[in-house]
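# Results of the structural survey
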Amino acid sequence: MVVSAWTTPPCLFSAGLHSFSKLTEEGVLIFQSKSTDIHQNLALEDWIESNVDLTNRRLFLLWRSRAAVVIGRHQNPWAECNQEAMRNAGVPLARRRSGGGTVYHDIGNLNLTFFSCRKLYDRQRNLKAVTDALRRARPELDVRATERLDIVLDGKYKISGSASRLSRGASYHHCTLLHSADGSALRSVLRPQSLVSTATPPPVLSPTHLPKVPKLLNAVSFCFSPEFGVSSPLAVLDPSDESLFPGIGRIASELRSWEWTFGKTPKFTVQTEINLSDDLTLERTTAQLHIEVKNGLVSSIDVTFQHQWLPQRLIHELCGVLTGERFCPHLNLALLKTAAYLVYNAFVLVR
Amino acid sequence: MAAVTRGSFIVFRRLLSQQYRCRCFRPQCVSSGRSVQTLAFTRDRTQRRFAWRTLHTNTVNYGPVVQFKLSDIGEGIMEVTVKEWYVKEGDKVSQFDSICEVQSDKASVTITSRYDGVIRKLYYEVDATAQVGMPLVDIETESKVIQEEDVVETPAMDQEEHTHQEIKGHKTQATPAVRRLAMENNIKLSEVVATGKDGRILKEDILNFLSKQTGAILPPAPMQHIQTPPPIPVAIKPAPAMPKPMFTGKDVTEPLKGFHKAMVKTMTAALKIPHFGYCDEVDLSRLVRVRKDLQPVTQAQGVKLSYMPFFIKAASLGLLHFPSLNASLDDACQNITYKASHNIGLAMDTSQGLLVPNVKNVQMLSVLEIALELNRLQTLGAAGQLGTADLTGGTFTLSNIGSIGGTYAKPVILPPEVAIGALGKIQILPRFDASGQVTAAHIMKVSWSADHRIIDGATMCRFSNLWREYLETPEQMLLHLK
């Protein structure tokens, strides 16, 4: 499915302009982010959560980003998506601060973030506002929010997933809204590598069930329901503006750093088998690999060769080299294999 | 694949170097020399969100160990998964420091500490399931606190998420923490006016109910130490309206709760100290004139200047000469600690009741800075937002009962301090001046109390004289300007 060119339907973002209703005492502010950089937008969410006083005030942020894969706070990137495919396609990986599962973002996806203080945190209410708005725009659409806080079209297609974050004073609940995403790109990157993982298990409706929804597109006039009332017209924010958002640059670089994106992965282990064959002697062997990864670094690695291919001492040396290195299945395994070959050959020579 | 080749080359070279050195293969003890990627990940976020504590084992025995329970996340969620710990046993934490990250149903929640203290026990491993309402960590705190759950702070008051509960036929909705609070103070939930959503009783409702009953609020708050009615600072608002007298017609017995309970405790401790009193009068005529002249200047800067900044500064100047009055005696009466900072407390009548916030390091502040600080404390006090930092750490106290009335008093020392002064009202009285003529003088009475175990009468007297001198001839303070 081809990504439809993003033409900003004016009604999409002039949300409340159509449905300005009574001013509630809550005071709702609506903003739209100018940026399509995933890290900048996530940094903006983070900045708002830490710096805006949300007592008796709600804030909505609408944003979208270029192609990116976004994993939840405690997820395992290697289990959720194919790093190699992403690298080849130039799709960056981001880890957000909120929980939940992995999503694929691109311009065909609209993100909505609902900020409030913890007392007013109510995800169902937020989703109701979204479904009401969609139904008001297109009454024939059968969109419903589920218990799992997804929005489902026609009872079977998932068009929106949610995640949220609660901290001391503030909370936010954000959700996606697919209206014209690139399904094939999505499927190619959201295919996990075979790993054993103890990270947060993905939600029941797997991403491959995400629907093509040609019905829900361009002319969606998106009006927030009088559920919240609206008290200000839509304002556009530029998350790269350090003077408006002091410290946001630092947050964005923290979100881009390896230590956050990969280093925050909960502990997991990898069990796999590698095949080694010697071209010269045509000897073949297999090796069982057991790798433990903590904080994104290889904390321990154990190789057991099927035959007595290498003396134990050398195997330990080999493992020792890799311990403490950043985990990257592609590189680690290739390195291990090549090293094993070289050592073996040298070993054979010397013998 | 350049990285691979490079990496493998290093391996190859390293591993084979031994073999070329000696012709046959022999296991060698080689230092691994690997380049361990140190995870030098620092999160230098703003103090408000995450404050990393450096690890140091605290050997000082603080106080009771409080079980810090996992609070309600909201939406009826009863269990969460612990995903990451930010502290470990032995770490020192402050209120609002992050303790751990938990996850429930796509929500990632940062749990922050309610207390200052030392972590003594973690109840869960990473990836374990934690139950809402069950203990999460044990914190050894510095002072006695009610065992409560992690309460989410919003600027003014504590707010909590709600669970719908029914107990014993009362259809009152309140969270477990609120119920406990009510139980400890013997309050029937049905009597409390609920202001929460759907008629839920919030913690503020209980506190309001209590304050209506007793005029003050719950822990930890240093209590009244004067036997006369609570003082209000000079030059601030007029006294609140007198409540309409109600004739009930019968005796009412109620158990002591909240404020009174705490006061009983404090007073019992305080009156174990052998007090002695010393009273005097101060002629403030010159100070009245000085203040009148200075007021327009400070007004222009938006600062209210009362007499208190002068009293406080003069006390600090006096304490420089008599450090034993700014000291503390330990419980066993073995050691006396001369406190370096002059943190002078000021009794204040606030919406939370009678509190004694203190101005820190008065020895370093000018009169104007003290006035500014007083303004700040008074504003916070009026809004009921005085924090622990402002309320603890006092070393000396002044109480201005004169703003309500009275002349002499017998103030009660607030442990662990050793002295206190009560200031009566300023009256215009006839006095003889230097030339023997009767003149109108602004006279204020002061009543000092001190701990007779370490302070003697002469010391108190000399301090009082010095203090009085500074106030009777304010220009003397100029000599000490830095």
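Because the structure is a prediction, the values reported are computed rather than measured. Think of each chain on its own: its residues are numbered from 1, step by step along the sequence as written. Think of it this way: whatever chain is written first is A, whatever ligand is written first is 1, and the rest follow in order. Owing to the predicted nature of the model, reporting of local features is limited to residues with pLDDT of at least 70; listing and counting of side-chain atom pairs is limited to 80 or more, with chain, interface and lining totals taken over all residues. The side-chain values count all of the structure's non-hydrogen atoms but skip hydrogen atoms and water molecules.

### Comments concerning the overall build of chain B
- In this description a helix means any DSSP run of H or I spanning at least four residues, a strand means any run of E spanning at least two, and both kinds are numbered starting from the N terminus. Check the secondary structure of chain B and you find nine helices and 22 strands.
- For each residue, the accessible area found with a 1.4 Å probe, counting protein chains only, is set against the maximum for its type, and the residue is called buried under 20%, exposed over 50%, and partly exposed in between. For chain B, the proportion of its 482 residues judged to be buried stands at 48%.
- Within chain B, contacts between residues at least 6 apart in sequence are counted, and of these 65% link residues at least 24 apart.
- Shrake-Rupley sampling with a 1.4 Å probe provides the accessible areas, and residues are treated as covered by the protein chains on show and by no other component. For chain B, the exposed area adds up to about 24500 Å²; of that, 56% sits on carbon and sulfur atoms. When checking whether two residues touch, look at their non-hydrogen atoms; a contact exists if any pair is within 4.5 Å.

### Points about the overall build of chain A
- Looking only at helices and strands, chain A has 11 helices and 15 strands in total.
- Looking at the 351 residues of chain A, the share that counts as buried comes to 58%.
- For chain A, restricting intrachain contacts to residue pairs at least 6 apart in sequence, the fraction spanning at least 24 positions comes to 73%.

### Focus on the nonpolar core
- B:F311, B:L325, B:F396, B:L398, B:F463, B:W467 and B:L471 are the most contacted members of the largest nonpolar core, which totals 48 residues.
- The leading source of residues in this core is helix α6 (residues 308-321) of chain B, at eight residues.
- Apart from residues no more than four positions distant in its own chain, B:F396 is found in contact with B:A315, B:L319, B:L325, B:N326, B:N343, B:I344, B:G345, B:E417, B:A419, B:W448 and B:F463.
- As used here, the term nonpolar core means buried Ala, Val, Leu, Ile, Met, Phe, Trp, Tyr and Cys residues forming a set that is joined through side-chain atoms within 4.5 Å. Core analysis: the next-biggest nonpolar cluster, separate from the first, contains 38 residues, A:W78, A:L93, A:L276 and A:V298 among them.

### Some details on the pairing of strand β9 (residues 157-160) of chain A
Residue and element names in this part refer to chain A.
- Where strand β8 (residues 151-153) lies against β9, three bridges are found, and the strand directions are antiparallel. Residue pairing in the sheet places I151 in a bridge with S160 of β9.
- Any two strands with at least two DSSP bridges between them are considered paired. The turn joining β8 and β9, which pair antiparallel and follow one another in sequence, is formed by three residues; a positive phi near 55° is taken by D154.

### Observations regarding the sheet that holds strand β13 (residues 268-277) of chain A
Residues and elements named next belong to chain A.
- The antiparallel open sheet is built from three strands, whose spatial order is β13-β14-β15. Here the strands that pair on one side only, and so sit at the sheet edges, are β13 and β15 (297-305). Geometrically, the sheet is characterised by an average inter-axis angle of 20° between neighbouring strands, direction not taken into account.
- Pairing between strand β14 (residues 284-294) and β15: eight bridges, direction antiparallel. Following the sheet pairing, E292 is matched in β15 by S300. Only the stretch in contact is used when a helix axis is fitted, and all axes are lines through C-alpha atoms; the angle between N-to-C directions ranges over 0 to 180 degrees.

### Quick notes on the confidence of the model for chain B
All names here are of chain B.
- Confidence in the prediction of chain B, expressed as mean pLDDT, is 75, and 71% of residues score 70 or more.
- Across the chain, each position has a pLDDT score giving the predictor's confidence in that residue, from 0 to 100. Scored below 50 in pLDDT, residues 15-60 shows 85 contacts in the model against residues more than four places distant or in partner chains.
- Taken as a whole, residues 215-239 scores under 50 in pLDDT and shows 87 contacts with residues more than four places along the chain or in a different chain.
- Interface confidence in the predicted complex, given as ipTM, is 0.73; pTM for the same model is 0.50.

### Things to note about the UniProt feature "domain: Peripheral subunit-binding (PSBD)" (unreviewed entry) in chain B
- UniProt positions are given in the numbering used here, feature names are shortened, and annotations may be inferred rather than shown by experiment. If you check UniProt for "domain: Peripheral subunit-binding (PSBD)" (unreviewed entry), the listed places come out as residues 173-210 of chain B in our numbering.
- As annotated, residues 173-210 of chain B comprises 45% helix and 11% strand, and the C-alpha atoms at either end are separated by 18 Å.

### Thoughts on α6(B)
- Residue count minus one, scaled by 1.5 Å, sets the expected span of a helix. The first and last C-alpha atoms of α6(B) sit 20 Å apart over 14 residues, in line with the 20 Å expected at 1.5 Å per residue.
- Listing the buried residues of α6(B) in full gives B:M308, B:P309, B:F310, B:F311, B:I312, B:K313, B:A314, B:A315, B:S316, B:L317, B:G318 and B:L319.

### What to know about the pattern of salt bridges
- Here a salt bridge means any side-chain nitrogen of Lys or Arg lying within 4 Å of a carboxyl oxygen belonging to Asp or Glu. According to the stated counting rule, one finds 19 salt bridges over all chains in the structure shown.
- B:E84 is paired through a salt bridge with A:R73; the nearest N and O atoms lie 2.9 Å apart. With B:E84 in strand β2 (residues 79-85) and A:R73 in the loop between β3 (68-71) and α4 (77-80), the pair connects residues from two separate chains. Each member of the pair B:E84 and A:R73 is classed as buried.
- The closest approach of N and O atoms between B:E475 and B:R286, which form a salt bridge, is 2.3 Å. Taken together, the residues span a long stretch of sequence, with B:E475 in the segment after α9 (457-472) and B:R286 in helix α5 (residues 285-300) at a distance of 189 residues.
- Since its relative accessible area comes to 36%, B:E475 is described here as partly exposed.
- Residue class for B:R286 comes out partly exposed when judged on its relative accessible area of 39%.

### Focus: the sheet that holds strand β22 (residues 438-451) of chain B
All names here are of chain B.
- Strand order in the open sheet formed by six strands is β13-β22-β21-β20-β16-β19, with mixed pairing between adjacent strands. Among the strands making up the open sheet, the edge pair consists of β13 (275-283) and β19 (358-359).
- Alignment of β13 against β22, held across nine bridges, turns out to be antiparallel. What sits directly across from Y278, in β22, is W448.

### What to know about unusual backbone geometry
Residues and elements named next belong to chain B.
- The omega torsion across P415 and P416 is 5°, close enough to zero to call that bond cis.
- Here the phi dihedral of F96 falls at roughly 80°; this positive angle occurs in a residue that is not glycine.
- Take F96: it is sitting in the loop between β3 (92-93) and β4 (98-104).
- For C333, which is not glycine, the phi dihedral falls at a positive 55°.
- Residue position: C333 is located in the loop between β14 (327-329) and β15 (336-338).
- Looking at C333, the relative accessible area reads 37%, which means it is partly exposed.

### Points about the packing of α6(B) against helix α7 (residues 367-383) of chain B
Residues and elements named next belong to chain B.
- Axis separation between α6 and α7 bottoms out at 9 Å; the angle between their running directions is 120°. The pairing of α6 with α7 is recorded here as oblique in orientation. Our pair here, α6 against α7, has a crossing hand that is right-handed. For the pair α6 and α7, the contacting residues are M308, P309, F310, I312 and K313 in the first and V367, I370, A371 and L374 in the second.
- A class-by-class count of the residues in the contact of α6 with α7 yields eight nonpolar, no polar and one charged. Note on terminology: angles under 35 degrees are roughly parallel, angles over 145 are roughly antiparallel, angles of 65 to 115 are roughly perpendicular, and the others are oblique. Each crossing gets its handedness from the near helix: less than a right angle anticlockwise from the far helix is left-handed, clockwise is right-handed. Residue classes follow a fixed rule: Ala, Val, Leu, Ile, Met, Phe, Trp, Tyr, Cys and Pro count as nonpolar, while Asp, Glu, Lys and Arg count as charged, and any other residue, Gly among them, counts as polar.

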